[in-house]
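Take a look at the letters that make up each chain.
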Amino acid sequence: MKRKDIIEFVVGDMEFGGITRSDYDGKRIKMKGGLTGQKVRAVVKKTREKTAETRLLEVIEKSSLETEDVCKNFGICGGCSMLSVPYEKQLEIKKNQVLKLLEDNDVSDFEFEGVVGSPKNHNYRNKMEYTFGDEEKDGPMTLGMHKKGRHIDIVTVDDCLIVDEDFNTILKNTLEFFKKEGLPKYNNKTHTGYLRHLVLRKGENTGEMLVNLVTSSQIDYNLDKYVDMIRSLELKNNKVVGIINTINDSLADAVVPEKVVVLSGRGYFYEKVLGLKFKVSPFSFFQTNTLGAELLYSEARKYAKESIGRSHEIGESQETRDWQKLRSEQETRDEREIRSEQRTRNEREIIFDLYSGTGTIGQIMSDSAKNVFGIEIIEEAVDAANENAKINGLKNCEFIAGDVGEKVKELRDRGISPDLIIVDPPRAGIMSKAVVDIAGFDSENIVYVSCNPKTLAINLSEFEGLGYKVRKVKLVDLYPNTGHVECVVLLSRYIND
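Quantities reported herein were computed from a predicted structural model and do not represent experimental measurements. (Residues numbered from 1 in each chain as written. Predicted model: local features only at pLDDT ≥ 70, side-chain atom pairs only at ≥ 80, totals over all residues. Heavy atoms only, no water.)

(A) Here's a closer look at the overall build of the protein chain. A count of helical and extended segments in the protein chain gives 11 helices and 23 strands. Taking 23 Å as the expected radius of gyration for a compact globule of 497 residues, we find that the protein chain reaches 25 Å, a close match to that expectation. Based on the C-alpha atoms only, the size of the protein chain along its principal axes is roughly 75 × 60 × 40 Å. Expressed as a percentage of the 497 residues in the protein chain, the buried residues total 50%. Only carbon and sulfur atoms are counted for the fraction: they give 47% of the accessible area of the protein chain, which is about 23600 Å². Of the side chains in the protein chain, 73 bear a positive and 81 a negative charge, and the two mean positions are spaced by 3 Å. (Helix = DSSP H or I, 4+ residues; strand = E, 2+ residues; numbered from the N terminus. Rg over C-alpha atoms; globule rule 2.2 N^0.38 Å. Buried < 20%, exposed > 50% of the residue type's maximum accessible area, 1.4 Å probe, protein only. Areas by Shrake-Rupley, 256 points an atom, 1.4 Å probe, with all protein chains shown as cover. Lys, Arg positive; Asp, Glu negative; His and termini not counted. Charge placed at Lys NZ, Arg CZ, Asp CG, Glu CD.)

This is the structure:
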């Protein structure tokens, strides 16, 4: 086997993050993509004595796992890697992958509370970012997603199964409109052209939708006709409350809001989560699966309420834990009620919401806290968090812009220390130095919410080396038909005899 060889093999083990490992010709083959049991054709990228890396070219034979209906672009579009697999099987695969990651990082002896599926495994996404382009060089204009493994080719995804039907309607009509108008797509190589992206966002619980057309400034085109076209569409589930034009002349193939013009309505929409109302701007972060996020935040809130105001005697003998379990079972109803009342009185504590983003989790936790202090380095997100706290009438929430370590020190100088820390970092996880800082904040408990189990497993191992113990782990699937999943973890500081 040598570089550029084309080989065929049956896909073996699937790892979290979409990597598969298979056996072929005495070597362990690493490949991005594929499902266990598929027969595939791949090109060799690198080869060593016992291993090789390949790039998937095509699926020759389906896996026995694949029994579900798919869209016409499945396997071409890079969006849904597991759409063909029954949803219950997807959850099982994700569960096993996350548990393997934790095991590989020596995180063990915790209570695993299983995986919760999304309330909707189709039509669940509340945000999509589409790109104008072509499927083949100099071909007709397309609007959709990048082809799997391709940086340039764009496939029109007008029958996508994971978005609202109204998204598909707006995509189809937008593409048709601009084809008739004869306006050119933006070329990322020559940096010429006009049409760049279409970003659609909606409130699952409010039905409000925002349409964001992203263009360059190279053509002076009046978008009034486009606004009229969007306004004339008969949508099934949503109402367009705002149409905006983002002008972006950045060379990067990304939506950069250099200038934003509101063409019609307003430049934001509202969403409701667990009884709270949130104003969502075109570029602010918000979970892409609202109903799934409600489950995720409910689990995080449950862990927070469970931990606030109580000592966790981690590190005790098994005999002591068994005795406590027996004693708990023997408690009278009156004793349990008294303990519950005491716990309720104690649940007026200080919560630090680190990497707080637009403050969604912190605000949801605020009903069981004396004060919530959210810290986030992105100022626009902090402004949104404070505005949303005002909208919801939450006077015990304060969101602060700045570095986590520096701002926590300032809070401590004010005599404020956390009883509970909530962390919800970006996909890159928490940097090792920040893990040390957070462990040094002396909170008895930490609730860690993660969108990346790989970095989560590393961070949990680091926290355990700094005096914390992972007590509970639960998975919540916010990304059906893909390889991703969210995790909620409760950690408590060791108390030694």
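(B) A look at unusual backbone geometry. At Asp138, a position not held by glycine, the phi torsion is positive, near 65°. Structurally, Asp138 can be placed in the loop between strand 8 (127–134) and strand 9 (141–146). With a phi close to 75°, Asn481 is a non-glycine residue in the positive phi region. In this fold, Asn481 is placed in the loop between strand 22 (468–476) and strand 23 (486–493). A residue is classified by how much of its surface remains accessible, and Asn481, at 2% relative accessible area, is buried.

(C) The nonpolar core, seen in detail. By size, the foremost hydrophobic cluster in this structure holds 74 residues, and its most contacted members are Tyr130, Phe178, Val211, Tyr226, Ile230 and Val447. Not counting residues within four places of it along the chain, the set of residues in contact with Phe178 comprises Phe132, Met141, Leu183, Leu195, Leu213, Tyr221, Leu223 and Tyr226. Formed by 38 residues, the second largest nonpolar core is a distinct cluster that contains Val107, Ile350, Ile416 and Leu460. (Core = buried A, V, L, I, M, F, W, Y, C linked by side-chain atoms within 4.5 Å. Contact = heavy atoms within 4.5 Å.)

(D) Summary view of the environment of Gly33. Considering the arrangement of structural elements, one finds Gly33 in the loop between strand 4 (27–32) and strand 5 (39–47). Taking the C-alpha atoms as reference points, Gly33 and Arg3, separated by 30 residues in sequence, lie 19 Å from one another. Beyond its immediate sequence surroundings of up to four residues, Gly33 is in contact with Gly18 and Thr20.

(E) Examining the sheet that holds strand 5 more closely. The 6 strands are arranged 1-5-6-4-3-2 in an open sheet whose pairing can be described as mixed. The open sheet is flanked by strand 1 (6–10) and strand 2 (13–15), the only strands paired with a single partner. Adjacent strand axes in the sheet meet at a mean angle of 40°, parallel and antiparallel pairs treated alike. Relative to strand 5, strand 1 is paired through 5 bridges, and the arrangement is antiparallel. What sits directly across from Ile7, in strand 5, is Ala42. (Pairing = 2+ DSSP bridges. Axes fitted to C-alpha atoms, helices over the stretch in contact; angles between N-to-C directions.)

(F) Molecular detail of the sheet that holds strand 21 (residues 445–450). Sheet architecture is open: 8 strands sit in the order 7-22-23-21-20-17-18-19, paired in mixed fashion. The open sheet has two edge strands with one neighbour each: strand 7 (111–116) and strand 19 (397–401). Each adjacent strand pair in this sheet contributes to an overall mean axis angle of 15°, direction not counted. Sheet analysis places strand 18 (residues 369–376) next to strand 19, joined by 5 bridges and oriented parallel. Each residue of the ladder has a partner; that of Glu376, found in strand 19, is Ala401.

(G) Region of interest: the packing of aromatic side chains. This structure, assessed with the given rule, holds 10 aromatic pairs. With centroids separated by 6.3 Å and ring planes inclined at 50°, the aromatic side chains of Phe9 and Tyr24 adopt a geometry described as tilted. With a gap of 15 residues between them, Phe9 in strand 1 and Tyr24 in strand 3 (residues 19–24) connect regions that are remote in the sequence. In this structure Phe9 comes out as buried when scored by relative accessible area, which is 4%. (Phe/Tyr/Trp six-rings, centres within 6.5 Å; stacked < 30°, edge-to-face > 60°.)

(H) Main features of a positive patch on the surface. A cluster of basic side chains, namely Lys30, Lys32, Lys45, Lys46, Arg48, Arg55 and Lys454, defines a positive patch on the protein surface. The set of elements that each furnish at least two residues to the positive patch consists of strand 4 and strand 5. Examined against the element boundaries, Arg55 turns out to sit in strand 6 (residues 51–61). (Patch = residues over 30% accessible without salt bridge, like charges linked within 9 Å, V, L, I, M, F, W, Y side chains within 5 Å. Salt bridge = Lys/Arg side-chain N within 4 Å of Asp/Glu carboxyl O.)

(I) Summary view of helix 10 (residues 432–439). Inspection of helix 10 places Ala434, Val435, Ile438 and Ala439 among the buried residues, and these make up the whole buried set. Down the axis, helix 10 shows its buried residues gathered within 140° of arc, on one side only. Buried-residue contacts for helix 10 involve strand 17 (349–354), strand 20 (420–423), strand 21, helix 11 (453–464), strand 22 and strand 23. (Arc of directions from axis to C-beta.)

(J) Quick look at the packing of helix 1 (residues 87–104) against helix 11. Put simply, helix 1 and helix 11 touch, their axes get as near as 9 Å, and they point 30° apart. Considered as vectors, helix 1 and helix 11 are oriented roughly parallel to each other. Note on packing geometry: the crossing formed by helix 1 with helix 11 is right-handed. In this structure, helix 1 uses Val98, Leu101 and Leu102 to contact helix 11, whose residues at the interface are Pro453, Lys454, Ala457 and Leu460. Of the residues contributing to the contact of helix 1 with helix 11, the split by class is 6 nonpolar, no polar and 1 charged. (Parallel < 35°, antiparallel > 145°, perpendicular 65-115°, else oblique. Left-handed = near helix turned anticlockwise from the far one by under 90°. Nonpolar A, V, L, I, M, F, W, Y, C, P; charged D, E, K, R; others polar.)

(K) Spotlight on the pattern of salt bridges. Using the criterion set out here, one finds 33 salt bridges in the structure. With a closest N to O distance of 3.5 Å, Lys202 and Glu204 form a salt bridge. Lys202 gets classed as buried once you look at its relative accessible area, which sits at 3%. Each member of the salt-bridge network shares a partner with another, and the members are Glu113, Glu299, Lys302, Glu306, Arg471, Lys472 and Lys474.

(L) How the structure looks around helix 11. Taking 1.5 Å of rise per residue, the 12 residues of helix 11 would be expected to cover 16 Å, and the 16 Å separating its terminal C-alpha atoms lies within 8% of that figure. Among the residues of helix 11, Pro453, Thr455, Leu456, Ala457, Asn459, Leu460 and Phe463 are the ones counted as buried. (Expected span 1.5 Å × (residues − 1).)

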